Amino acid sequence: MNFKPQAYFLDLDGTTLDLPKTSSMISSENVDTIRSFNDNNIPVIISTGRGNSEFVMKLAKSFNSPYVICQNGGLIVDKQNNLLQINKIKQERVADIVKLLIEHKLCFILNSSQVIYGPTLKIKMIRPWAKKMQLKTYDDLPKLEESTKILTFGVSKKKIVELRDLLASKFIDISQHIVSRGYSIEITDINATKGKADAFVCKLLNVDPKYAAHVGDSGNDTTSKEYVGAFICMKNGLKNVRVQATIVGPHYKKAGVAKVLRDTQK
């Protein structure tokens, strides 16, 4: 890059959380480096597909980050967890999407909850994180309301690509991205993307978005390309994500994000 970023937006899984098998999930080197940037007026903001959880907010506090982007821009809050922006999928569209997912016997999670809805209570868990969640059948679905995010999975990578194309052909008012190494799709409102959220927060920071950088590893991170000056993909990102990056950084493990931050300020 030919500029030193004045602000950074960081994905979490596969990017910043470099110790996934530990209780903290993140190295002290990453925490200390990110904290030092924020303390020295170079804002580093979480920009994640995860929900607005206690874990995410505690992490942001440890970074001393002024804002937090959750659910790919479905929710944006400040460090006191005050809501600044929300982008919801409308109720009727949620119903349409859920109907399609049920027809294809897929599993799904609404609003980043801890409940997976599926065709049976015996669901083959493709992703490790899903094993810790509560399982319910379609019969247990509550009344569908507006949603900030729908995560769906349960078929092969090839079938996930086919589902993405089907969703795109049916619904023009949603944003969707393949994540979890190709096994899941995140569905949000058309206005809820990491790129749009990054630009929104840049205005709050009084930073020109062209002098900001987004660091990530998944399809949902590629939306940043249109809105900020650089998309930095971690080396562990899928090939189709890496080829869209301004630069490819190191592997996320062993404090890869800390290395990215330091290297881009040289």
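Residues numbered from 1 in each chain as written. Predicted model: local features only at pLDDT ≥ 70, side-chain atom pairs only at ≥ 80, totals over all residues. Heavy atoms only, no water.

1. A closer look at the domain arrangement of the chain
Rules: Where each domain begins and ends is defined by an automated method or by a domain database. Once two parts are brought into contact, the accessible area they lose, counted with a 1.4 Å probe and summed over both, makes up the buried area. By definition here, a salt bridge exists when the distance from a side-chain nitrogen of Lys or Arg to a carboxyl oxygen of Asp or Glu is within 4 Å. Note on residue classes: Ala, Val, Leu, Ile, Met, Phe, Trp, Tyr, Cys and Pro are nonpolar, Asp, Glu, Lys and Arg are charged, and everything else, Gly too, is polar.
If you check the domain split of the chain, you get domain 1 (7–86 + 192–264) and domain 2 (91–189). When domain 1 packs against domain 2, close to 1,000 Å² is buried across both sides, 46% of that on carbon and sulfur atoms. The largest per-residue losses of area from domain 1 upon contact with domain 2 belong to Gln71, Ala192 and Leu238, which jointly make up 42% of the total buried on that side. On inspection of domain 1 and its partner domain 2, the count reaches zero salt bridges. Each residue belonging to the side of domain 1 that touches domain 2 can be placed in one class, and the counts come to four nonpolar, twelve polar and one charged.

2. With respect to helix α2 (residues 54–63)
Keep this limit in mind: Each residue is placed in one exposure class: buried if its accessible area under a 1.4 Å probe, protein chains only, is under 20% of its type's maximum, exposed if it is over 50%, and partly exposed if it falls in between. Secondary structure is summarised from DSSP: a helix means a run of H or I of at least four residues, a strand means a run of E of at least two, and numbering begins at the N terminus for each. What the arc describes is the spread of directions from the helix axis to the C-beta atoms. We call two residues contacting when some pair of their heavy atoms lies within 4.5 Å.
Turning to α2, its buried residues number three or more, namely Val56, Met57, Leu59, Ala60 and Phe63. In a view along the axis of α2, the buried residues occupy a sector of 155°, so they form one face of it. Residues Glu54, Lys58 and Lys61 are exposed on α2 and point more than 90 degrees away from its buried face. Residues of α2 that are buried sit in contact with α1 (28–39), β2 (44–47), β3 (67–70) and β4 (75–78). Asn64 sits one or two positions beyond α2 and adopts a positive phi of about 60°.

3. Quick word on the nonpolar core
Cut-off, in case you're wondering: For our purposes a nonpolar core is just a set of buried Ala, Val, Leu, Ile, Met, Phe, Trp, Tyr and Cys residues, chained together by side-chain atoms within 4.5 Å.
In this structure, Tyr8, Ile34, Ile46, Leu59, Phe63 and Val68 are the most contacted members of the largest nonpolar core, which totals 31 residues. With five residues, α2 is the single largest residue contributor to this core. With residues near it in sequence (within four places) discarded, Ile46 still touches Leu10, Leu12, Val56, Leu59, Ala60, Phe63, Tyr67, Val68 and Ile69. One finds Ile89, Tyr138, Ile150 and Phe171 within the second-largest nonpolar core, a separate group that totals 23 residues.

4. Section: the pattern of salt bridges
With the rule as written, the count across this model stands at 13 salt bridges. Residues Glu146 and Lys88 are paired through a salt bridge, measuring 3.8 Å at the closest nitrogen-oxygen approach. Taken together, the positions of Glu146 in the loop between β8 (134–137) and β9 (150–153) and Lys88 in the loop between β5 (83–86) and α3 (91–103) put the pair 58 residues apart, joining distant regions of the chain. A residue is classified by how much of its surface remains accessible, and Lys88, at 34% relative accessible area, is partly exposed. Asp96 is paired through a salt bridge with Arg93; the nearest N and O atoms lie 2.5 Å apart. One end of the pair, Asp96, and the other, Arg93, are both in helix α3, three residues apart, so they sit about a helical turn from each other.

5. Side note on a positive patch on the surface
Heads up, the rule is: Exposure above 30% relative accessible area and the absence of a salt bridge qualify a residue for a patch, where like charges join within 9 Å and nonpolar side chains (Val, Leu, Ile, Met, Phe, Trp, Tyr) within 5 Å. Computed with the Shrake-Rupley method and a 1.4 Å probe, the accessible areas treat only the protein chains shown as cover for residues. The charge count includes Lys and Arg as positive and Asp and Glu as negative, but it does not include His or the ends of the chains. Note on charges: their place is set at NZ of Lys, CZ of Arg, CG of Asp or CD of Glu.
There is a patch of like positive charges on the surface, built from Lys157, Arg181, Lys235, Lys239 and Arg242. Examined against the element boundaries, Lys157 turns out to sit in helix α4 (residues 157–170).

6. A few points about unusual backbone geometry
Its identity as a non-glycine residue notwithstanding, Asn72 has a phi of 60°, on the positive side. Take Asn72: it is sitting in the loop between β3 and β4. Even without a glycine there, the phi angle at Lys105 is positive, about 55°.

7. Notes on α3
Formally: Expected span of a helix: the number of residues minus one, times 1.5 Å.
With 13 residues, α3 should cover 18 Å at 1.5 Å per step; its first-to-last C-alpha distance of 18 Å lies within 8% of that length. All buried positions along α3 are accounted for by Arg93, Val94, Ile97, Val98, Leu100 and Leu101. Viewed end-on, α3 has its buried residues packed into an arc of 160°, placing them on one side of the element. With respect to the buried face of α3, the exposed residues turned more than 90 degrees away are Glu92, Lys99 and Glu103.

8. Topic: the environment of Ser28
Checked against the element boundaries, Ser28 lands in helix α1. Taking relative accessible area as the criterion, Ser28 reaches 52% and is therefore assigned exposed. Through-space distance from the C-alpha of Ser28 to that of Asp140 is 42 Å; in sequence the pair is 112 residues apart.

9. A look at the packing of aromatic side chains
For any pair of aromatic rings, the description rests on two quantities: the centre-to-centre distance and the angle between the ring planes. Convention followed: Each Phe, Tyr or Trp ring, with Trp reduced to its six-membered ring, pairs with another whose centre is within 6.5 Å; inter-plane angles below 30 degrees give stacked pairs, above 60 give edge-to-face pairs, and intermediate values give tilted ones.
Inspection of every chain in the model, using the stated rule, returns four aromatic pairs. With a centroid separation of 6.0 Å and 10° between ring planes, the pair formed by Phe108 and Tyr138 is classed as stacked. Here Phe108 is found in strand β6 (residues 107–110), whereas its partner Tyr138 is found in the loop between β8 and β9, with 30 residues between them in sequence. Overall, the relative accessible area of 0% leaves Phe108 in the buried class. Ring pairs connect the aromatic residues Phe108, Tyr117 and Tyr138, which therefore count as one cluster.

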